[in-house]
Amino acid sequence: QVQLVESGGGLVQPGGSLRLSCAASGSIFSIYAMGWYRQAPGKQRELVAAITSGGSTNYADSVKGRFTISRDNAKNTVYLQMNSLKPEDTAVYYCNADGIATMTVSGLSSWGQGTQVTVSS
């Protein structure tokens, strides 16, 4: 019913920047929260940043001051601007949408397919 499509991952040198985008499609009426998670090899998936439809944000301590999350409610799109990237930021980044309401149901959650971010010299 609801699909999330991510883009913007890739290979970047330490200290560099990347911008991730995630667009939700489907018969969407509203989305309460959108966010980014990441999973490095051998580690659990962890929250990176999240933003509500009202603009409230939440960040992992490890990315505060370096990453910025934003969203365009009209386009059902969330962005993650990542600056001052470090090798430890290397992971697959997943987009998540929670509290999705369509014309027929509400309370849905959806995940994107993931995009690889590699920080290496």
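It should be noted that the structure appears before, not after, this text.
(A) Representation of the environment of valine 78 in the model. Within the fold, valine 78 resides in strand β8 (residues 77-82). Once the C-alpha coordinates of valine 78 and cysteine 22 are considered, the two residues, 56 residues apart in sequence, prove to be 5.3 Å apart. Here valine 78 is in contact with Leu20, Ser21, Cys22, Met34, Trp36, Ile51, Ile69, Ser70, Arg71 and Cys95, once residues within four sequence places are set aside.

(B) Summary view of the side chain of arginine 66. When you line up the elements, arginine 66 lands in the loop between β6 (57-59) and β7 (67-72). The class of arginine 66 is buried, set by a relative accessible area of 11%. Looking at arginine 66, its side chain comes within polar contact range of the main-chain oxygen of serine 84, at 2.9 Å. A distance of 2.8 Å separates polar atoms of two side chains, one belonging to arginine 66 and the other to aspartate 89.

The rules behind these values
- Residues numbered from 1 in each chain as written.
- Predicted model: local features only at pLDDT ≥ 70, side-chain atom pairs only at ≥ 80, totals over all residues.
- Heavy atoms only, no water.
- Helix = DSSP H or I, 4+ residues; strand = E, 2+ residues; numbered from the N terminus.
- Contact = heavy atoms within 4.5 Å.
- Buried < 20%, exposed > 50% of the residue type's maximum accessible area, 1.4 Å probe, protein only.
- Polar contact = N/O pair within 3.5 Å; in protein donor to acceptor, adjacent residues only side chain to side chain.

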